[in-house]
Amino acid sequence: MNIPPVNISSILPAAVLSIVGIAVMVAEPFVDRSKKTLLGWLALAGVMAAMLAIYPMSENRGQWYSNLWIVDDYNIFFHVIFLLIAGITILTSLDFLEREEINHPEFYSLLLFATAGMLMMSGANELIMVFIGLEVLSIATYVLAGFRRTDLKSNESALKYFLLGSFSSAFFLYGVALVFGATGSTNLIEIAEALRSSSLQITLVYLAAALMLIALCFKVAVAPFHIWTPDVYEGAPTPVTGFMSVGPKAAGFAVFIRVFMTAFPQIQDRWISIIWMVAALTMILGNVIAVSQTNIKRMLAYSSIAHAGYIAVAFASGSRRGVSAALFYMLAYALTNLGAFAVVTILSRSEDKLTNISDYAGLAAKRPGLAALLTIFLLSLAGIPGTAGFSGKFFIFRSSVESGLLSLTVIGVITTVVSFYYYLYIVVQMYMREPGEEFSDLRVPASLKIALLIAAIGTLYLGLLPTRVLDWSTTAALTALR
Amino acid sequence: MDFINSNILTIVTFTPALGALLLLFFPRSRAKTARNFALIISILAFLFSLHLVAHFDSNASGFQYRTDRAWIPSFGIGYQLGIDGISLFLVLLTTLLTPLAILASTRIRDRVKEYFLFMLLLETGVVGVFCSLDLFLFYVFWEVMLVPMYFLIGVWGGERRIYAAMKFVLYTMAGSVLMLVAIIALYFLNGKATGAYTFSYELILAAIHGGKLVLEPATERFLFLAFFVAFAIKVPLFPFHTWLPDAHVEAPTAGSVLLAGVLLKMGTYGMLRFSLPLFPNMSHLFAPFITLLAVVGIIYGALVAMVQPDMKKLVAYSSVSHMGFIVLGIFSFTPQGVEGAIFQMLSHGVSTGALFLLVGVIYERRHTRLIEEFGGLAHRMPLYAAFFLIVTLSSIGLPGMNGFVGEFLVLLGTFGVNKPRGVVAAAGVILSAVYMLWMFQRVIWGEITNEKNRTLTDLVSYEKAMLIPLLFLIFWMGIYSNHFLRPMDASVARLLSQTGKREIQYAVAPALQP
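As the structure is a computational prediction, the values presented were derived from the model and not from experiment.

Participant: Can you tell me about the overall build of chain A, naming the residues and giving the values?
Facilitator: When helices and strands are tallied, chain A shows 20 helices and two strands. Whereas a compact globule of 482 residues would reach a radius of gyration of roughly 23 Å, chain A reaches 21 Å, a difference of no more than 12%. With the C-alpha coordinates of chain A rotated into their principal frame, the extents come out at 70 × 55 × 40 Å. A total of 482 residues make up chain A; the buried ones form 66% of that total. The long-range share in chain A, meaning contacts at least 24 apart out of those at least 6 apart in sequence, stands at 81%. Only carbon and sulfur atoms are counted for the fraction: they give 66% of the accessible area of chain A, which is about 16400 Å². Once the 29 positive and 28 negative side-chain charges of chain A are each reduced to a mean point, those two points are 4 Å apart.

Participant: Which residues make up the overall build of chain B, and what values go with them?
Facilitator: Of the regular secondary structure elements, chain B holds 21 helices and two strands. The C-alpha radius of gyration of chain B comes to 22 Å, within 12% of the 24 Å expected for a compact globule of 514 residues. Summarising the internal contacts of chain B: among those between residues at least 6 apart in sequence, 81% fall at separations of at least 24. By element, 67% of the accessible surface of chain B is carried by carbon and sulfur atoms, the whole surface being about 17000 Å². One way to put it: in chain B the 35 positive side-chain charges average out to a point 4 Å from where the 27 negative ones average out.

Participant: Describe helix 9 (residues 217-234) of chain B, listing the residues and the values that go with them.
Facilitator: Here helix 9 of chain B contains 18 residues, and its C-alpha end-to-end distance of 25 Å stays within 8% of the 26 Å for a straight helix at 1.5 Å per residue. Taken together, the buried positions of helix 9 of chain B are Glu220, Leu223, Phe224, Ala226, Phe227, Phe228, Ala230, Phe231, Ala232, Ile233 and Lys234 of chain B.

Participant: A description of the nonpolar core should follow, citing residues and the corresponding values.
Facilitator: In terms of nonpolar packing, the biggest core is built from 400 residues, with Phe260 and Phe264 of chain A together with Phe331 of chain B touching the most fellow members. For this core, the element with the highest residue contribution is helix 14 (residues 320-348) of chain A, accounting for 20 residues.

Participant: Requested: an account of the interface of chain A and chain B, with residues and values cited.
Facilitator: Between chain A and chain B, the contact holds 34 residues from the first and 36 residues from the second. The largest per-residue losses of area from chain A upon contact with chain B belong to Phe394, Arg398 and Met432 of chain A, which jointly make up 21% of the total buried on that side. If you look at where chain A meets chain B, you find zero salt bridges. Counting across the interface, chain A meets chain B through seven residue pairs in polar contact (both at pLDDT 80 or more). Contributing elements (two or more residues each) for the side of chain A that touches chain B: helix 16 (368-382), helix 17 (388-402), helix 18 (406-432) and helix 20 (467-480) of chain A.

Participant: Can you tell me about the environment of Thr294 of chain A, naming the residues and giving the values?
Facilitator: All names here are of chain A. With respect to the helices and strands, Thr294 occurs in the loop between helix 12 (268-291) and helix 13 (296-317). For the pair Thr294 and Ile357, spaced 63 residues apart in the sequence, the C-alpha separation amounts to 5.6 Å. Excluding residues that lie within four positions of it along the chain, Thr294 makes contacts with Thr355, Asn356 and Ile357.

Participant: Got a sec to walk through the packing of aromatic side chains? Specific residues and values, please.
Facilitator: Residues and elements named next belong to chain B. Considering all chains together, one arrives at 72 aromatic pairs over all chains under this definition. Here Phe138 and Phe231 contribute two aromatic rings whose centre-to-centre distance is 6.5 Å and whose plane-to-plane angle is 70 degrees, an arrangement assigned as edge-to-face. One end of the pair, Phe138, is in helix 5 (residues 135-144); the other, Phe231, is in helix 9, with 93 residues separating them in the sequence. We note that Phe138, like Phe231, is buried. The lysine or arginine in question, Lys234, covers the ring of Trp142, its NZ or CZ lying 5.1 Å from the ring centre. Here the basic side chain of Arg369 rests over the ring of Tyr363, its NZ or CZ set 4.7 Å away from the ring centre.

Participant: Which residues make up the pattern of salt bridges, and what values go with them?
Facilitator: Scanning the model with the defined rule gives 25 salt bridges over all chains in all. The partner of Arg66 of chain B in a salt bridge is Asp68 of chain B, with the nearest N and O atoms 3.7 Å apart. Arg66 of chain B sits in the partly exposed class, given a relative accessible area of 28%. Put simply, Lys153, Glu156, Lys160, Asp231, Glu234 and Arg298 of chain A are held in one network by salt bridges that share partners.

Participant: Pulling in residues and values, what's your account of unusual backbone geometry?
Facilitator: Residues and elements named next belong to chain A. With omega at 0 degrees, the peptide bond leading from Ala223 into Pro224 counts as cis. In this structure, Glu101 takes a positive phi of about 55 degrees despite not being glycine. Position of Glu101 relative to the elements: it lies in the loop between helix 4 (73-99) and helix 5 (106-123). Located in the positive-phi region is Ala221, a residue other than glycine, with phi close to 60 degrees. Tracing the backbone shows Ala221 in the loop between helix 9 (202-220) and helix 10 (229-235).

Participant: Pulling in residues and values, what's your account of the environment of Leu335 of chain A?
Facilitator: All names here are of chain A. Along the polypeptide, Leu335 turns up in helix 14. C-alpha of Leu335 to C-alpha of Val205: the two residues are 130 residues apart in sequence and 37 Å apart in space. Excluding residues that lie within four positions of it along the chain, Leu335 makes contacts with Leu84, Ile88, Ile454, Ala455, Gly458, Thr459 and Leu462.

Participant: Explain the side chain of Glu250 of chain B to me, using residue names and the numbers behind them.
Facilitator: Residues and elements named next belong to chain B. Following the sequence through the fold, Glu250 ends up in helix 10 (residues 243-250). Here Glu250 is buried and forms no salt bridge, its nearest opposite-charge partner Arg160 lying at an N-O distance of 4.0 Å. Among the polar contacts made by the side chain of Glu250, one reaches the main-chain amide nitrogen of Glu159 at a distance of 3.1 Å. Discounting chain neighbours no more than four positions away, the residues touching Glu250 are Ile153, Gly157, Gly158, Glu159, Arg160, Arg161 and Ala164.

Participant: Run through the packing of helix 11 (residues 253-278) of chain B against helix 13 (residues 311-330) of chain B, naming residues and quoting values.
Facilitator: Residue and element names in this part refer to chain B. It is the contact of helix 11 with helix 13, at a shortest axis distance of 11 Å, that shows an interaxial angle of 15 degrees. For the element pair helix 11 / helix 13, the angle class is roughly parallel. In the packing of helix 11 onto helix 13, the handedness of the crossing is right-handed. Contact residues: helix 11 offers Thr253, Ser256, Ala260, Leu264, Lys265, Thr268, Met271, Leu272 and Leu276, while helix 13 offers Lys312, Ser319, Met323, Ile326, Val327 and Ile330. A per-class count over the contact of helix 11 with helix 13 returns nine nonpolar, four polar and two charged.

Participant: Explain the side chain of Thr499 of chain B to me, and be specific about the residues and the numbers.
Facilitator: Position of Thr499 of chain B relative to the elements: it lies in helix 20 (residues 481-499). Apart from the residues within four sequence positions on either side, Thr499 of chain B is in contact with Leu276, Pro277, Pro280, His284 and Phe333 of chain B.

Participant: Break down a nonpolar patch on the surface for me, with residues and values.
Facilitator: Residue and element names in this part refer to chain A. Residues Leu453, Ile457, Leu460, Tyr461, Leu464 and Leu465 make up a contiguous nonpolar surface patch of about 550 Å² in total accessible area. The topology assignment puts Leu460 in helix 19 (residues 446-464). Leu460 sits in the partly exposed class, given a relative accessible area of 34%.

Participant: Could you give me a rundown of the pairing of strand 1 (residues 64-72) of chain B, with the residues and numbers involved?
Facilitator: All names here are of chain B. As defined by bridge partners, strand 1 adjoins strand 2 (residues 77-83) across six bridges and the pair is classed as antiparallel. Residue Gln64 lies in a different strand from strand 2, and its bridge partner there is Ile83. Taking the residues between adjacent antiparallel strands as the criterion, strand 1 and strand 2 are bridged by four residues, where Gly76 takes a positive phi near 70 degrees.

The rules we used
Residues numbered from 1 in each chain as written. Chains lettered and ligands numbered in written order. Predicted model: local features only at pLDDT ≥ 70, side-chain atom pairs only at ≥ 80, totals over all residues. Heavy atoms only, no water. Helix = DSSP H or I, 4+ residues; strand = E, 2+ residues; numbered from the N terminus. Rg over C-alpha atoms; globule rule 2.2 N^0.38 Å. Buried < 20%, exposed > 50% of the residue type's maximum accessible area, 1.4 Å probe, protein only. Contact = heavy atoms within 4.5 Å. Areas by Shrake-Rupley, 256 points an atom, 1.4 Å probe, with all protein chains shown as cover. Lys, Arg positive; Asp, Glu negative; His and termini not counted. Charge placed at Lys NZ, Arg CZ, Asp CG, Glu CD. Expected span 1.5 Å × (residues − 1). Core = buried A, V, L, I, M, F, W, Y, C linked by side-chain atoms within 4.5 Å. Buried area = accessible area lost by both parts, 1.4 Å probe. Salt bridge = Lys/Arg side-chain N within 4 Å of Asp/Glu carboxyl O. Polar contact = N/O pair within 3.5 Å; in protein donor to acceptor, adjacent residues only side chain to side chain. Phe/Tyr/Trp six-rings, centres within 6.5 Å; stacked < 30°, edge-to-face > 60°. Lys NZ or Arg CZ within 6 Å of the ring centre and 35° of its normal. Axes fitted to C-alpha atoms, helices over the stretch in contact; angles between N-to-C directions. Parallel < 35°, antiparallel > 145°, perpendicular 65-115°, else oblique. Left-handed = near helix turned anticlockwise from the far one by under 90°. Nonpolar A, V, L, I, M, F, W, Y, C, P; charged D, E, K, R; others polar. Patch = residues over 30% accessible without salt bridge, like charges linked within 9 Å, V, L, I, M, F, W, Y side chains within 5 Å. Pairing = 2+ DSSP bridges.

This is the structure:
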């Protein structure tokens, strides 16, 4: 048996994150209680180091470690998205943990491990590798969701996420087993090659693909596998909710697109019609149910379901442009949604006292800056031109029209109109109602200011000058579709 | 000079936006400075826009003052601006009404800075819509302008402002998202047919008229309807009009002025610029239905206006009626009809803008708009009464004033094509006299019956300043109509040659019937 050559550069970002994560955990007992936040900054430094480590990684394109790991533009694009998500989440959490008196640095370790798991998923060229990444991500996220141990809702959130998440992992593993049985391999490219030869039991492959599809649909929270989302999102600590609504979702789609586009192009006409239905159902359910929500975290949970639906539309296009649009949208959505959650974190106060939409009444009169930022994020989520959300939706609908999915596009744009209602409803509260709450005691610490700034600039940049990022996502999509 | 000519539209469009950006940095306490600054910026934009008239070549039918830069090149999206005889005066109407609306907002006290910020952003959005020659850019302006209007109604509006603001946005969005789908579809159809993937309006138009891009009847029907519904909601054409009375009644005076004055024109402008030349066959095919709706709207709007107890609602419904004339003129496909429609667009902007300003004047004094609350205002406010009379007569369409020219031309154009519709529409003119004069009589004439009206004061200087330009225009447009019609000639002729009735239309028509 040959030991495959070790190429540390090609996995450098994930390696950096893991090492820093362990370092944070080891250092924790030696740090004074009042200085635990320092470890948060250490974690942030780790994320930035990982960001820099993308350069050496990108010099080492190709497949590594017995073809387990692949470095291509697709992987690099997702590395950037995931590290941005991790960075902004840490910035949002620094003050939050202190405020909630749960300032345990394990939080940052778990976050870094979860991010490392996501990085593994986007670069996996092999189903086992996908599974490992998925589990690293999921287990860390289960704990994060229940991080407010004394809070009943947080516990409920963690338990629900854990039970249903394990179920879906089992589905995925079962699918992997079946596909191995049918094709004799778990390598994505080898599976695709095996499928081209006709001498295999195609029913088994269908079954395997179906099982994996269900598992991944659960991970990205699309209908009809979305039922867990609102409860989990509502109960989790707010920065974690923000993280879950973008990170695992993007990672899920990274795998979803990679696996199905690389391994199962032969049976594309079968699964693409399922994605079509999933997309339609998700957009309708997510947007319609979001309308009736009174809690902002639940509302954003349903909105995140709806956004997964739009990404699924791009996926259902099954084309290079579709994948490119999906990648662009994930970046746009991540920045916007993290920005929105950062504002929600600031406003929620201790123990999530103020997370009802009616608590936002009159915010604009008292805190115009925060209200204006949240308005930008909400308008971007709704898809008003000039914001990242519009560019993203435009690219998605463009790809779906190109692929001839006219009715799906029409469902998409009409549900977008529905979404205007609930996003603007928050704007109504902020600008058009009399203040009910006292906002003068709100603190906006520097870390959150940085997070908000990054999110806002990103949202406007992608909205006004999307060309450069779009070209990059197109290159990335090309490598995913060989 | 070349530099100015090729950038003047950018300057006119973005001067207000730049002003809005600067307003952000004004301290909250300096409300008056903020207002004066906004006023200066909007007057500046108006002065810049005068350059457009001064150097406009009335004999050229194509687009002038063109700007053409790449924006998102990989998608064939350009930053293309240009105006022709159809859009020239609409741009001017916008830049004229905005400073007047800002003047009308002198008594805004609440969150002044934000108010003027949204006013200026609105101006940028509307001017951008009239200047865009790229379908994507057009859509961006079309949507972006919703945001400031939403805030203007929702924050500074009346009792039911939130409902009205939401209704306004959702109605408009519902129409325009389908237009987005149609725009993307058109982009691909054009790309596949010609090999050039572009959102450029002129290139797509050239492909259609050069025979390179031939749309299947079913496709053309979908595209036409998707565009048309977006425009019809904006106009608003009966039966898509229900958002309008709510939005008008709840909006602050300045919001109503701009809404009626220019925002509604975006719908009819869209029909002229896009529906007719891009989809000539379907325009002809659907014209009978559309003109029927227009005529129903004319009569319905007038009848409903007649029974309104609220002056603003009355003017709002009269808009439904007047906008019906414009649509009727456009879909007559005759030079008189179309020129009349464009003229009526301007004239309605001036007259209805003035009417809303006048209603705003007494609303600010009495905080009510109910007709029954007033009566005998002529005793206390003679100048106001005189101004009101002129505007009322102009709105009815008295010869020598602006309203007459547009309606007359529209009717002229319609009679030649479809006599019954012309006759019924003409009845609308009579009805408009009924409801306008009746309102005038109840509000201005008679004895003062309500004690509260005894203390009313006549127009103050800023109110005169905002009304006099419009009164002046009422007569100018009515007497020297040719100053306004002449620059339209070439562009309208070109539009009609692009829309011209074609034989093929009759060949495909039966197949399209359900």
